[in-house]
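# Notes for the structure review
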Amino acid sequence: MQNVKDQFLQLVDDYKEQAIRMRRYLHQYPETAGCEKNTTNYIKERLQESDIQVVDSPFHTGLVAKVNGKTGGKNICIRVGIDALPVKEESDVDFISKNEGACHCCGHDLHMAAAIICAKILHETRNTWNGSVGFIFQPATETGKGAEYMIRQQVLKILRPDVILGFHCWPELMVGSVGVRRGPMMAASDSIKIIIEGKSGSAAHPHKCVDPILISTYVMQLLQNIVSRECSPVEPVVITIGKIIGGTGGDSIPNIVEMEGTVRTLRAAQRICIRKAISRTVEHTAAAMGGTGHVTFIENGDSVICDEIVASYLEEAAAYVATGPIDQLQKPSMGMEDFSYYLRDLPGAYFRIGTANKQSASKLPLHNPALIFDEDAILVACKILLQFTAIYNT
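The numbers attached to residues start from 1 for each chain and follow its sequence in the written order. It should be noted that, the model being predicted, local features are given only for residues of pLDDT at least 70 and side-chain atom pairs only at 80 or more, the latter also being counted only at that level, while totals for whole chains, interfaces and linings use all residues. Hydrogens and water are ignored here; the side-chain numbers use all heavy atoms of the structure.

On to the overall build of the chain. For the chain, the helix and strand inventory stands at ten helices and 16 strands. C-alpha extents for the chain along the principal axes are approximately 90 × 45 × 40 Å. Contact criterion: two residues are considered in contact whenever any of their non-hydrogen atoms come within 4.5 Å of each other. For the chain, long-range pairs separated by at least 24 residues make up 81% of all intrachain contacts whose partners lie at least 6 apart in sequence. Carbon together with sulfur atoms contributes 50% to the accessible area of the chain, which is approximately 17300 Å² in total. Within the chain, the 44 negative side-chain charges are centred at a point lying 4 Å from the centre of the 39 positive side-chain charges. A helix here means a DSSP run of H or I that spans at least four residues, while a strand means a run of E at least two residues long, and both kinds are numbered starting from the N terminus. To be clear on the numbers: accessible area is Shrake-Rupley with a 1.4 Å probe, and residue cover counts the displayed protein chains and nothing else. For the purpose of charge, His is not counted, nor are the chain termini; Lys and Arg are scored as positive and Asp and Glu as negative. Here the site of a charge means NZ on Lys, CZ on Arg, CG on Asp, or CD on Glu.

Turning to its location among the elements, Glu31 is positioned in the loop between helix 2 (16–28) and helix 3 (37–48). With 66 residues separating them in the primary sequence, Glu31 and Ser97 have C-alpha atoms 10.0 Å apart. For Glu31, the contacting residues outside a window of four places in its chain are Glu36, Lys37, Asn38, Thr39, Ile82, Asp83, Ala84 and Asn99. There is a polar contact of 3.5 Å between the side chain of Glu31 and the backbone nitrogen of Lys37. The term polar contact refers here to a pair of N or O atoms within 3.5 Å; inside protein, the definition further demands a hydrogen-donor-capable atom paired with an acceptor-capable atom, and it admits residues adjacent in sequence only when both atoms are side-chain atoms.

This brings us to the pairing of strand 16 (residues 348–356). Regular strands place side chains that alternate from one sheet face to the opposite one. Exposure is judged per residue with a 1.4 Å probe applied to protein chains only, and the accessible area is read against the type maximum: over 50% gives exposed, under 20% gives buried, and values in between give partly exposed. Taken across its nine residues, strand 16 has nine buried, putting it largely inside the fold. The side-chain alternation of strand 16 yields two buried faces, one formed by Gly348, Tyr350, Arg352, Gly354 and Ala356 and the other by Ala349, Phe351, Ile353 and Thr355. Where strand 5 (residues 163–174) lies against strand 16, eight bridges are found, and the strand directions are parallel. Paired with Ile164 across the bridge in strand 16 is Gly348. Where strand 6 (residues 178–180) meets strand 16, two bridges bridge the pair, whose relative direction is antiparallel. Within strand 16, the residue paired with Val178 across the bridge is Ile353. Any two strands with at least two DSSP-identified bridges between them are counted as paired.

Here we come to empty space enclosed by the protein. Each cavity reported here is a set of points on a 1 Å grid over the protein atoms alone in which a 1.4 Å probe fits but cannot get out, each pocket an open set with protein on both sides within 12 Å along at least five of seven lines, and each lining residue one with an atom within 4 Å of a point. Grid points are joined across faces, edges and corners, and a volume is the space filled by probe spheres set on the points. For the coordinates displayed, the defined rule picks out two cavities of 30 Å³ or more. Of the voids in this model, the largest cavity is the one considered here, and its volume is about 70 Å³. Considering the residues around the largest cavity, the lining is formed by 14 residues, among which Arg23, His27, Glu89, Leu371 and Ile372 are closest to the centre. Among the residues forming the lining of the largest cavity, the class breakdown is eight nonpolar, four polar and two charged. For the second largest cavity, the calculated volume is near 40 Å³. If you trace the second largest cavity, you find it lined by Leu110, His111, Ala114, Phe167, Cys169, Ile353, Ala377, Ile378 and Ala381. In this classification, the charged set is Asp, Glu, Lys and Arg, the nonpolar set is Ala, Val, Leu, Ile, Met, Phe, Trp, Tyr, Cys and Pro, and all remaining amino acids, among them Gly, are polar. When its residues are assigned to classes, the lining of the second largest cavity shows eight nonpolar, one polar and no charged.

This brings us to the layout of surface pockets. Considered as a void within the structure, the largest pocket measures approximately 460 Å³ in volume. If you trace the largest pocket, you find 23 residues lining it, with Glu142, His168, Met336, Glu337 and His367 closest to the centre. By residue number, the principal contributor to the lining of the largest pocket is strand 5, which donates three residues. Taken together, the residues of the lining of the largest pocket break down into seven nonpolar, ten polar and six charged. Volume-wise, the second largest pocket comes out at about 200 Å³. Along the walls of the second largest pocket sit 13 residues, with Thr40, Lys44, Ser57, Gly62 and Leu63 positioned nearest its centre. Top contributing element to the lining of the second largest pocket by residue count: helix 3, with four residues. By residue class, the composition of the lining of the second largest pocket is four nonpolar, six polar and three charged.

Okay, the packing of aromatic side chains next. Ring pairs are drawn from Phe, Tyr and Trp, using the six-membered ring of Trp, whenever the two centres fall within 6.5 Å, and their geometry is named by plane angle: stacked under 30 degrees, edge-to-face over 60, tilted for the rest. In the structure shown here, the tally under the stated rule is nine aromatic pairs. Their ring planes at 20° and their centres at 6.3 Å tell us that Phe135 and Phe137 sit as a pair that is stacked. Per residue, the accessibility class of Phe135 equals that of Phe137, and both read buried. Chaining the aromatic ring pairs together yields one cluster made of Tyr25, Tyr29 and Tyr42. Any Lys NZ or Arg CZ found within 6 Å of a ring centre and within 35 degrees of that ring's normal is scored as a charge over the ring. Lys5 extends its terminal NZ or CZ atom over the ring of Tyr320, reaching a point 4.1 Å from the ring centre.

With that out of the way, let us pick up the sheet that holds strand 3 (residues 70–81). Read from one edge of the open sheet, eight strands run 1-2-4-3-5-16-6-15, paired in mixed fashion. This sheet does not close on itself; its edge strands, each paired only once, are strand 1 (53–54) and strand 15 (326–328). Across two bridges, the pairing between strand 1 and strand 2 (residues 63–68) is antiparallel. Across the sheet, the residue bridging to Val54 is Ala65, located in strand 2. For every element, the axis is a line fit to its C-alpha atoms; helices are fit only across the contacting stretch, and the angle between N-to-C directions ranges from 0 to 180 degrees. The strands that helix 4 (residues 108–124) touches are strand 2, strand 3, strand 4 (130–138) and strand 5; relative to strand 4, the one it contacts most, it runs at about 155°. Contacts from helix 10 (residues 376–392) reach strand 3, strand 4, strand 5, strand 6 and strand 16, with the element oriented near 155° to strand 16.

In structure tokens:
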């Protein structure tokens, strides 16, 4: 008699054409954060055509589904993003985006297809495995606000999971390869807004003014000194200023300069220290030059820290499925993921699915409008999720 793990593998292969068809539809009709109405309805229809339980909820967009196996076992939760990026697609695929200014160049169309097929197979085989598997089809992952929104809507109380999984396409790995890691995997993210105030006046009489543009140039340099001189060289930290606004013309010194940027850290203690250092640097540098400085921090997400035990099960599932190397990721990424909000309350793990092949377009960075993902990655992701279900509830 075929065991459940082998049965899962066969069924995923049987669903390949359907998975690709769903992915291509979703790719053609991408919707950006908060606008995923058609996407939500499409997912709901595909689940309900297999009689999968879709949980009634007050979501504006996004949805929750659940598949029950045999009694006993643990409750697993799988989270996938459903939103697209506000980018005009530039690829040459036949199923290019038909929604102007929106594109699934982050791979969420593949994520959705993998999760839908996973749910269908779990429902079809529900008498052969234990526990339950819940699915969070989350909106607004690209803005970093979707996880908080879904948690406020009580998704964790609805599904009551014991563990949660997330995953993402990764064009730096070949299709068939899987990236896993125990411990810190992605960084915490804080947005920063800096206001430098001086004293405006004529550019011909700078001695009568306090120049906030000049102050801002010193602040820019000294912020990088925090990274190089106040942080351990073996602990990654990123401080980037990506926006500066100040002045209206070349013959005047403005009153205010606004700066915006991001801070990425891995440890909570490090995050606190960096905030204090940034505030001190901005305030004291501005004061030393006769102006004033103020910093506002906005939290965008915590570090994604993969639970050791959950990650070990995930590694076992990946080894059973992968046709390429299992990449034990040696270094964390300084990218952020709002998946981290679920990890405040749950143990969980996150993994990467290789999506590159021999074509150069498949190796472009995430968010590149010409990026083309290898669709075999859908099946790899689905198989890992199913194998994890079988292994974790054995």
